[in-house]
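Residue strings, one per chain:
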Amino acid sequence: MKQTVAVLALQGAFEEHCQMLNSLGAESLLIRSSEDWKTFEKRFREGERVGMVIPGGESTAMLRIMRDQNILLAIREAVKDGLPVFGTCAGMILLAKEVVNDSRERLATMNIKVLRNAYGRQLGSFYTESAVKLDGESVVVPMTFIRAPYITEVSEGVEVLAVVDGNIVAAREENQLVCSFHPELNTDTHFHEFFLKMF
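Counting restarts for each chain, with residues numbered from 1 along the sequence as it is written. Only residues with pLDDT of at least 70 get local features here, since the model is predicted, and only at 80 or more are side-chain atom pairs given and counted; chain-wide, interface and lining totals rely on the full set of residues. Excluding hydrogens and water, the side-chain values take into account all heavy atoms of the structure.

K.L.:
Before we move on, can you summarise helix H1 (residues 14–23) with the specific residues and values?
P.N.:
Each residue is placed in one exposure class: buried if its accessible area under a 1.4 Å probe, protein chains only, is under 20% of its type's maximum, exposed if it is over 50%, and partly exposed if it falls in between. For helices the rule is a DSSP run of H or I covering at least 4 residues; for strands it is a run of E covering at least 2, with both sets numbered from the N terminus onward. Residues of H1 that are buried: Phe14, His17, Cys18, Met20 and Leu21. The buried residues of H1 occupy one face: seen down the axis, they fall within an arc of 170°. What points out from H1, more than 90 degrees from its buried face, is the exposed set Gln19 and Ser23. Whether two residues touch is decided by their heavy atoms; if any such pair falls within 4.5 Å, the residues are in contact. Buried residues along H1 sit against strand E1 (4–8), strand E2 (27–31), strand E3 (50–54), strand E4 (85–88) and helix H6 (190–196). Note that the arc is defined by the directions from the helix axis to the C-beta atoms.

K.L.:
Let's hear about the environment of Arg106: which residues, and what values?
P.N.:
Along the polypeptide, Arg106 turns up in the loop between strand E5 (96–99) and strand E6 (110–115). For Arg106, a relative accessible area of 6% translates into the label buried. Only 3.3 Å separates the side chain of Arg106 from the backbone oxygen of Lys97, close enough to count as a polar contact. Within the structure, the side chain of Arg106 is placed 3.3 Å from the backbone oxygen of Asp102, a separation counted as a polar contact. We define a polar contact as two N or O atoms separated by no more than 3.5 Å, with the added condition that, inside protein, one atom must be a possible hydrogen donor and the other a possible acceptor, whereas residues neighbouring each other in sequence contribute only through side-chain atom pairs.

K.L.:
Describe the nonpolar core, with residues and values.
P.N.:
Nine residue types can take part in a nonpolar core, namely buried Ala, Val, Leu, Ile, Met, Phe, Trp, Tyr and Cys, and a core is a set of them joined through side-chain atoms within 4.5 Å. In terms of nonpolar packing, the biggest core is built from 36 residues, with Leu8, Trp37, Met66, Ile75 and Ile112 touching the most fellow members. With five residues, the top contributor of residues to this core is helix H5 (residues 90–95). Those residues in contact with Ile75, other than ones at most four positions away along the chain, are Leu8, Trp37, Met52, Met66 and Leu107. With 34 residues, the next largest nonpolar core counts Val139, Tyr150, Ala162 and Phe181 among its residues.

K.L.:
Describe unusual backbone geometry, and please don't skip the residues or the numbers.
P.N.:
With phi around 55°, Asn101 is a residue other than glycine that occupies positive phi space. Mapped onto the elements of the fold, Asn101 is located in the loop between E5 and E6. Classification of Asn101 as exposed rests on a relative accessible area of 80%. Located in the positive-phi region is Asn117, a residue other than glycine, with phi close to 40°. Along the chain, the position of Asn117 falls in the loop between E6 and strand E7 (125–134).

K.L.:
Just give me the short version of the pattern of salt bridges, but keep the residues and values in it.
P.N.:
Two side chains of opposite charge can pair, provided their charged atoms sit close to one another. The term salt bridge refers to a pairing of a side-chain nitrogen on Lys or Arg with a carboxyl oxygen on Asp or Glu at a separation within 4 Å. Applying the stated criterion across every chain, the model contains 13 salt bridges. Notably, a salt bridge pairs Arg76 with Glu105, separated by 3.3 Å at the nearest N-O pair. Placement of Arg76 in helix H4 (residues 72–80) and of Glu105 in the loop between E5 and E6 is noted, with a sequence separation of 29 residues between them. Owing to a relative accessible area of 14%, Arg76 belongs among the buried residues under this scheme. Among the salt bridges present, the one from Glu153 reaches Lys113, with a minimum N-O distance of 3.6 Å. Here Glu153 is found in strand E9 (residues 150–154), whereas its partner Lys113 is found in strand E6, with 40 residues between them in sequence. We classify Glu153 as partly exposed; its relative accessible area is 46%. Salt bridges sharing partners connect three or more residues here, namely Glu58, Asp102, Arg104 and Arg116.

K.L.:
Could you give an account of the environment of Ile75, naming the residues involved and the relevant values?
P.N.:
Of note, Ile75 is situated in helix H4. Spatially, the C-alpha atom of Ile75 lies 7.5 Å from that of Leu107, the residues being 32 residues apart in sequence.

K.L.:
Just give me the short version of the environment of Glu48, but keep the residues and values in it.
P.N.:
For Glu48, the location among the structural elements is in the loop between helix H2 (34–45) and E3. Along the backbone, Glu48 and Gln69 are 21 residues apart, and their C-alpha atoms lie at a distance of 24 Å. If we skip the residues at most four places from it in the chain, Glu48 touches Met1 and Arg43.

K.L.:
Can you break down the packing of H2 against H4 residue by residue, with the values?
P.N.:
Interaxial angles span 0 to 180 degrees and are taken between N-to-C directions of axes, which are lines fitted to C-alpha atoms, for helices over the stretch in contact. Put simply, H2 and H4 touch, their axes get as near as 12 Å, and they point 15° apart. For the element pair H2 / H4, the angle class is roughly parallel. H4 is crossed by H2, and the crossing has left-handed handedness. From H2, Trp37, Glu41, Phe44 and Arg45 reach across to H4, where they touch Ala74, Ile75, Glu77 and Ala78. Here the nonpolar group is Ala, Val, Leu, Ile, Met, Phe, Trp, Tyr, Cys and Pro; Asp, Glu, Lys and Arg are the charged ones; every other residue, Gly included, is treated as polar. For the contact of H2 with H4, the class distribution of residues is five nonpolar, no polar and three charged. Our angle categories are set so that under 35 degrees counts as roughly parallel, over 145 as roughly antiparallel, 65 to 115 as roughly perpendicular, and the remainder as oblique. The sense of a crossing depends on the near helix, which, turned anticlockwise from the far helix by less than a right angle, makes the crossing left-handed and, turned clockwise, makes it right-handed.

This is the structure we're talking about:
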């Protein structure tokens, strides 16, 4: 059965995720409303091979729209029930149980502490290549950071996948995968392939 990935398309870089997933043979499905979510959630509850991507963008705007569409709590429950989810940049912020100096309600399903806009203005956007541990192997991947967060703390059960300049920039906890950077903005498909192997 072909894998289907719901891509949260409220704001941000969702089209690039769709293109990369489609290039790997997966079907992408845009989630813009509560109706879109209900249709997708039914497929998840019926046991289909499905996952979800929460892209980069503006986390505050994404949160507001999720609340307006009444899908925040539903997505949280699905992730808690095992829905595979991949959060990039803002997506990582939304999944984090704790964000430094930010007490707003989020999905808050992953046992990580995140610092928003962690690199400041001088390094607000930058590119590097660094090693990532995927499937027990170390591979070097391109990383595009755009006003990126990073992880300051992880709890037991969270596997650190990549560290850049001493900062955690990718991690996994069971069905949840996150990274600070934007893998969809480069041609390297390691992260999306790894995510598709999760379900």
